[in-house]
Each structure stands twice: as structure tokens, then as C-alpha cells.
Amino acid sequence: MITAIDFGCYAIRSAYRTPSDHTRITMITERSEYAVLSNQSSCRETVIGRNIPCAECGDSTIVFGHHTDQVRWLSRKPCAPLFADAAAPTDDAPARQILSLLTEAMLPRNMSNSTECFFTVPRGRLNPDNVKFLAHLTQMHGFVPRYFSAGPSVILSSGGESLYTGVAIVIGAETSEISVSRHGIELAAETIPIGANWIDTELARQYEIWTWDETGECYLDLEAVREWKHNSRMHLRNCVGERARTLARLYGAVLNQIARSTRKLINSPAVTSALKGNRLAVYCAGGPTQIGGFASTLTERFVEHETADQILSVRTVDNAETAVVRGLLIQGELEERRLSAAGTAA
């Protein structure tokens, strides 16, 4: 049985066929963060009394994954990321242990035979150490690790209408990936080290959105920014208020870099030779692409970079947050069928 896991800086997502019913897919999501709480008796009693899973670490109580939402009111200190600066937590012992626990909980259990796990990681193209670390982690839990990039995964999960040919743009918390594929085979790709966290941080800084912990130490309140930004009425092309206009400008700065990289990729020798000048569909995935007006704003950037005549369409894919992990599962099952057919032929 194939398992897929998308290690993201904002969330970790896994997918596999439900063992009791292979026509269904089990999908699990956990936040990629942990909260460090005071180990005072009142705080710990509150966590235990509400049956919130936790662990002790020195003089602190640790709560991780989606359970952090249940304890934000206990401390104003922001949660700590499992992938600080999009790097695997090689030097953060608590984060390593938490990541191992989350990974184990999100993978299928009681597997009698070894199974392959197709996974993607933060900055996989830019940081091979991340790939190595997370491959070792999945292997520790009894799975055969197979790294696969986010861009081709989106094409596999969402690009059927164009025969799995087009441009995938995946915007995450720390990075943005652009990938060009033909019939599911990647031709060219680039990863830009900027994502939604840069937008949130800049907005918090410019509007002085702060929070203070119990000791009086000050932090940028990124969670407050995200809650405001995720309002369903938010629209990049129909801004109401100065803060919304600033958000649109920050998105524009990111999309400007994406449009520039897209132009470079689709005009590269490998792509022009394979696609013979055919116009390409653009598939956008990742949580940040779900904001209103995203596709039209990106289209405007393509016009500015004189790339619009090479683009067939631009759209945010359905279920944009899970497009990568669904594509990983598809890739794994295609590979399993290929090997099975090869074995039968032999």
C-alpha cells in the first residue's frame, strides 16, 4: 500500500487508501508547530483536564499539531515552527521528537509488509539535507521513502484536462515552487525562497500588529494577521481599506517574482523543444492561492512580463491545500502499477 505525506512549513498532510475500504482515501492534517507553555500547576491542570495531548520538557509543557489551537489562550507567546526558516529541525531536540510523533500518528499502522512513502519537503530542491532528514524519519517508522517534488504532484492531481501538461505554481509558507511538465514528466522547475510567511510578517511589521507574553516580551502577531487575511470577503482586486491594499501590494511582490521565474522556465531550451510553442495551462495550489482575485492578479503579472500569449489559462485548483499530497499518492500508485506490470512481463 502506498502512503503520501506532504511535510509543509504550515501544515503536514498525509494520504493513503483506507485499509478497511480501498475505494476510500484517509487524509490527515496537522499543524507544523508546537506551543511551549508554563509548567505551572494551574496551566498543566488545565491542559490535562481538557484531555489535550501534551508532553513535559524541562520546566515547560509542550502541546503540538492542531491541538495548539486549543491552548493559544494560555500563553500569548507565538507557537514555535517545526521547520524554522524552512529547515528540518536537526538542532532542535523537542521539534525532532514532536515531528517524529506526528509522522508516526499520520502514517497507517499495523502494516504487515513494508510500504513506500512518497513525500515532499520544505525547500527540497534547495536543501538536500531536508530530504535526507525526512527520508530517514519515514524509514524509522517502517516505510520506504521516495522523494517527489510538489509541482509535478499538482499536475498529477489537477491537470487531467490538459493531459497533465502545464505549469504548476505551489505557494507555501516559506517557498514558492514553479514547475513545467509535459504529460506528467517535469521539464523544468525553480523554487523561490519566499511565501506566505513573508507576506504575513511584512503586514504585521508595517501595521505594528504585536502580541505580548506573560513576561512582557513583544512578538509580531502573525496569527492575528492570518485570521484577518483568511476572511472569505478578502479580495486582491477589490480592496477595502488601506490594510487590504497593502496585502494586495505584498501579494503582488511575490507574484511578480513568480511571473518572472515562469517566463524564464517556459522559454528555456528544454521546455521550448518539448512543447513546440504550445500555450500552457497554469495550475495554482497551496493555501495562499485561495484568496479572492488570485488568478486574475497573477494573470496581470504575466501580461506585465509579456508572457500572457504563452499562457492558455490560469486557475486555482480545487482543494488547493491538498493538491500536493493527492498528487503524491497518485504518483506512488502509478509507480506501483508500473513495477507490477514490469514484474508480470518478466
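For the structure, check the block above.
Residues numbered from 1 in each chain as written. Predicted model: local features only at pLDDT ≥ 70, side-chain atom pairs only at ≥ 80, totals over all residues. Heavy atoms only, no water.

Draft legend 1. The sheet that holds strand 3 (residues 21-31), seen in detail. Spatially, the five strands line up as an open sheet ordered 3-2-1-8-9, and their pairing is mixed. Since the sheet does not close on itself, it has two edges, and those belong to strand 3 and strand 9 (143-147), each with one partner. Sheet twist, expressed as the average angle between the axes of neighbouring strands with direction ignored, equals 20°. The pairing of strand 1 (residues 3-7) with strand 8 (residues 115-120) spans four bridges and is parallel. Residue pairing in the sheet places Asp6 in a bridge with Thr120 of strand 8. Across the sheet, helix 3 (residues 128-140) lies against strand 1, strand 8 and strand 9, angled at about 155° from strand 9, the strand it touches most. (Pairing = 2+ DSSP bridges. Helix = DSSP H or I, 4+ residues; strand = E, 2+ residues; numbered from the N terminus. Axes fitted to C-alpha atoms, helices over the stretch in contact; angles between N-to-C directions. Contact = heavy atoms within 4.5 Å.)

Draft legend 2. Broad picture of the pattern of salt bridges. Throughout the structure, instances matching the rule amount to 25 salt bridges. The shortest N-O distance in the salt bridge between Glu177 and Arg125 comes to 3.0 Å. You can see Glu177 sitting in strand 11 (residues 176-182) and its partner Arg125 sitting in the loop between strand 8 and helix 3, a full 52 residues away along the chain. Residue classification places Glu177 among the buried positions, given a relative accessible area of 9%. Measuring nitrogen to oxygen at the nearest pair gives 3.0 Å for the salt bridge that ties Arg301 to Glu300. Among the residues examined, Arg301 registers a relative accessible area of 14% and is labelled buried. Each member of the salt-bridge network shares a partner with another, and the members are Arg31, Glu33, Asp69, Arg72, Asp200, Glu223, Arg226 and Lys229. (Salt bridge = Lys/Arg side-chain N within 4 Å of Asp/Glu carboxyl O. Buried < 20%, exposed > 50% of the residue type's maximum accessible area, 1.4 Å probe, protein only.)

Draft legend 3. Quick look at helix 3. Between the first and last C-alpha of helix 3 there are 18 Å, a value that for 13 residues agrees with the 18 Å anticipated at 1.5 Å per step. Buried within helix 3 we find Asn130, Val131, Phe133, Leu134, Ala135, Leu137 and Thr138. Lining the buried residues of helix 3 we find strand 1, helix 2 (93-106), strand 8 and strand 9. Directly beyond the C-terminal end of helix 3, a positive phi value near 90° is found at Gly142. (Expected span 1.5 Å × (residues − 1).)

Draft legend 4. Representation of the sheet that holds strand 7 (residues 80-81). Read across the sheet, four strands follow the order 5-6-4-7 without closing on themselves; strand pairing throughout is antiparallel. At either end of the open sheet lies a strand with only one pairing partner, and these are strand 5 (55-57) and strand 7. As paired elements, strand 4 (residues 33-38) and strand 6 (residues 60-64) share five bridges and run antiparallel to each other. What sits directly across from Val36, in strand 6, is Ile62.

Draft legend 5. Looking closely at the packing of helix 2 against helix 3. Interaxial distance between helix 2 and helix 3 falls to 10 Å at its minimum, and their mutual angle equals 50°. When the axes of helix 2 and helix 3 are compared, the pair comes out oblique. At the point where helix 2 passes helix 3, the crossing takes the right-handed sense. Where helix 2 abuts helix 3, its residues Arg96, Leu99, Ser100 and Thr103 lie against Phe133, Leu134 and Leu137. Considered class by class, the residues forming the contact of helix 2 with helix 3 number four nonpolar, two polar and one charged. (Parallel < 35°, antiparallel > 145°, perpendicular 65-115°, else oblique. Left-handed = near helix turned anticlockwise from the far one by under 90°. Nonpolar A, V, L, I, M, F, W, Y, C, P; charged D, E, K, R; others polar.)

Draft legend 6. Region of the structure containing the nonpolar core. In terms of nonpolar packing, the biggest core is built from 38 residues, with Ile169, Ile258, Val282 and Leu298 touching the most fellow members. The leading source of residues in this core is helix 7 (residues 242-266), at eleven residues. For Ile258, the contacting residues outside a window of four places in its chain are Ile169, Ile171, Ser176, Ile178, Ile192 and Leu298. Grouped together as the second largest cluster of nonpolar side chains are 27 residues, Phe64, Leu82, Leu102 and Leu134 included. (Core = buried A, V, L, I, M, F, W, Y, C linked by side-chain atoms within 4.5 Å.)

Draft legend 7. Representation of the packing of aromatic side chains in the model. Here the structure, examined in full by the defined rule, presents three aromatic pairs. On the numbers, 6.4 Å between centres and 80° between planes, the contact of Phe7 with Phe119 is edge-to-face. Residue Phe7 is located in strand 1, and its partner Phe119 is located in strand 8; the two are separated by 112 residues in the primary sequence. Both residues of the pair, Phe7 and Phe119, count as buried. Their ring planes at 65° and their centres at 5.9 Å tell us that Phe119 and Tyr147 sit as a pair that is edge-to-face. Linking Phe119 in strand 8 with Tyr147 in strand 9, this pair joins segments that are 28 residues apart in sequence. You can call Tyr147 partly exposed: its relative accessible area is 29%. (Phe/Tyr/Trp six-rings, centres within 6.5 Å; stacked < 30°, edge-to-face > 60°.)

Draft legend 8. Geometry of helix 6 (residues 222-229). The complete set of buried residues in helix 6 reads Glu223, Val225, Arg226 and Lys229. Looking straight down helix 6, one finds that the buried residues subtend no more than 155° of arc, so they occupy a single side. Where the residues of helix 6 are buried, they touch strand 3, helix 5 (196-206) and helix 7. (Arc of directions from axis to C-beta.)

Draft legend 9. Structural context of the side chain of Thr262. Among the secondary structure elements, Thr262 is positioned in helix 7. Ignoring sequence-local partners within four residues, the contact set of Thr262 consists of Val167, Ile169, Ile178 and Phe302.

Keep in mind these numbers describe shape, not what the thing actually does.
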